[in-house]
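# Fold and contact review
Below are the chains, spelled out letter by letter.
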Amino acid sequence: MNIFVITIDEDKWKKYENNPLYKKYEGINGKDFTNEWIRNNYINYWNCSDSHRENVAGCSESHLRLMKKIIDEKIDKAIIVEDDTEIDLHRLCELDDIKEFCYIGGHFQPPRLDKKLKKEFISLEPGLNDIDPEIFTIAGGYGLYFPTYKCCQKIYDLIMSKKKKRAIDSEFRILQKKCLIKHFIFPAIVTL
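Just so we're clear, the structure is a prediction, and the values are computed from it rather than from any experiment.

The rules behind these values
Residues numbered from 1 in each chain as written. Predicted model: local features only at pLDDT ≥ 70, side-chain atom pairs only at ≥ 80, totals over all residues. Heavy atoms only, no water. Helix = DSSP H or I, 4+ residues; strand = E, 2+ residues; numbered from the N terminus. Rg over C-alpha atoms; globule rule 2.2 N^0.38 Å. Buried < 20%, exposed > 50% of the residue type's maximum accessible area, 1.4 Å probe, protein only. Core = buried A, V, L, I, M, F, W, Y, C linked by side-chain atoms within 4.5 Å. Contact = heavy atoms within 4.5 Å. Expected span 1.5 Å × (residues − 1). Salt bridge = Lys/Arg side-chain N within 4 Å of Asp/Glu carboxyl O. 1 Å grid on protein atoms, 1.4 Å probe; cavity = no way out; pocket = protein on both sides within 12 Å on 5 of 7 lines; lining within 4 Å. Points joined across faces, edges and corners; volume = space filled by probe spheres on them. Nonpolar A, V, L, I, M, F, W, Y, C, P; charged D, E, K, R; others polar.

### Here we look at the overall build of the protein
Each helix and strand in the protein was counted, giving 5 helices and 9 strands. Walking the protein from its N terminus toward its C terminus, one meets helices and strands in the order β-α-β-α-α-β-β-β-β-β-α-α-β-β. By the compact-globule yardstick of 16 Å for 192 residues, the protein fits well, its C-alpha radius of gyration being 16 Å. Looking at the protein residue by residue over its 192 residues, the buried ones come to 46%.

See the structure below:
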């Protein structure tokens, strides 16, 4: 298993650095981008602050560049997490038979903000479950599992085919709504 931790904060990396299972991936600080570059490459709400735009671009570009690394280096069994997560390492064996991308951390989001997520509509079994975008999607993808670099390539190509991108978790939710991303592990292996 290849567990990549995206970080730009040396203090946050300290909780991972002594475990050889974790691989540090130096993230991108959105402050390194110009406002013009961000506006030309990302869709944000018109009233977002510049710092919010920078955070979105930095986070998204970090994920996308790490996905590109996974593809270029043909890395299978790749997990991507951010530096504010906890991973239940004892449960990684649950991923052995997974053949498609799946969330191993995140939270449920109703399809519209004016709808409440009704728990009685969700019947979850331990292990691999299906996303039903009519009822919920997974937001805040802080635990992503790519069983093969080819499945990473498919998702990466879909996102990169756009003239302008959105925040990475928004891009992943769009793919869920199109039923191109379909699975998650319950209970989550990765938590905040």
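### As for the nonpolar core
Met 67, Ile 70, Phe 101, Tyr 103, Phe 146, Ile 155 and Phe 172 are the most contacted members of the largest nonpolar core, which has 36 residues in total. Every element with two or more residues in this core is listed here: strand S1 (2-7), helix H3 (50-72), strand S3 (78-82), strand S7 (137-146), helix H4 (149-160) and helix H5 (168-177). In terms of residue count, the dominant contributor to this core is H3 (7 residues). Setting aside its immediate chain neighbours within four residues, Phe 146 contacts Met 67, Asp 76, Lys 77, Ala 78, Ile 80, Phe 101, Cys 151, Cys 152, Ile 155 and Phe 172. Counting residues in hydrophobic clusters, the runner-up holds 18 residues, among them Val 5, Tyr 16, Ile 87 and Ile 104.

### Looking at H4
Counted at 1.5 Å a residue, the expected span for H4 with its 12 residues is 16 Å, and the 16 Å between its end C-alpha atoms agrees. Next to the buried residues of H4 lie H3, S7 and H5.

### Re the pattern of salt bridges
Inspection of the entire model under this criterion finds 12 salt bridges. A salt bridge links Asp 11 to Lys 14, with the shortest nitrogen-to-oxygen separation between them at 3.4 Å. Between Lys 69 and Glu 73 there is a salt bridge, with its nearest N and O atoms 3.0 Å apart. Relative accessible area serves as the criterion here: at 26%, Lys 69 is assigned to the partly exposed category. Within the structure, one salt-bridge network assembled from shared partners comprises Glu 10, Lys 24 and Glu 26.

### Brief notes about H5
One full turn of an α-helix is made of 3.6 residues, so residues set three or four places apart face in the same direction. The set of residues buried in H5 consists of Ile 168, Glu 171, Phe 172, Arg 173, Leu 175 and Gln 176. Looking at the buried positions of H5, the neighbouring elements they touch are H3, strand S5 (102-109), S7 and H4. Positioned one or two residues after H5, Cys 179 has a phi angle of 60 degrees, which is positive.

### Digging into the layout of surface pockets
Reported here for the largest pocket is a volume of approximately 630 Å³. Lining of the largest pocket is provided by 22 residues; of these, Tyr 45, Ala 167, Asp 169, Ser 170 and Arg 173 occupy positions nearest its centre. Listing elements by their share of the lining of the largest pocket, those giving two or more residues are H3 and H5. Counting residues per element, the lining of the largest pocket draws most heavily on H5, at 6 residues. When grouped by side-chain class, the residues that make up the lining of the largest pocket number 11 nonpolar, 6 polar and 5 charged. Of the voids in this model, the second largest pocket is the one considered here, and its volume is about 350 Å³. In terms of lining, the second largest pocket is formed by 20 residues, of which the most central are Ile 6, Ile 8, Ile 28, Cys 59 and Asp 83.

### Description of the side chain of His 63
Structurally, His 63 is set in helix H3. By relative accessible area, His 63 is classed as buried at 2%. Contacts of His 63, omitting those with residues within four sequence positions, involve Ile 6, Ile 80, Glu 82, Leu 144 and Ile 168.

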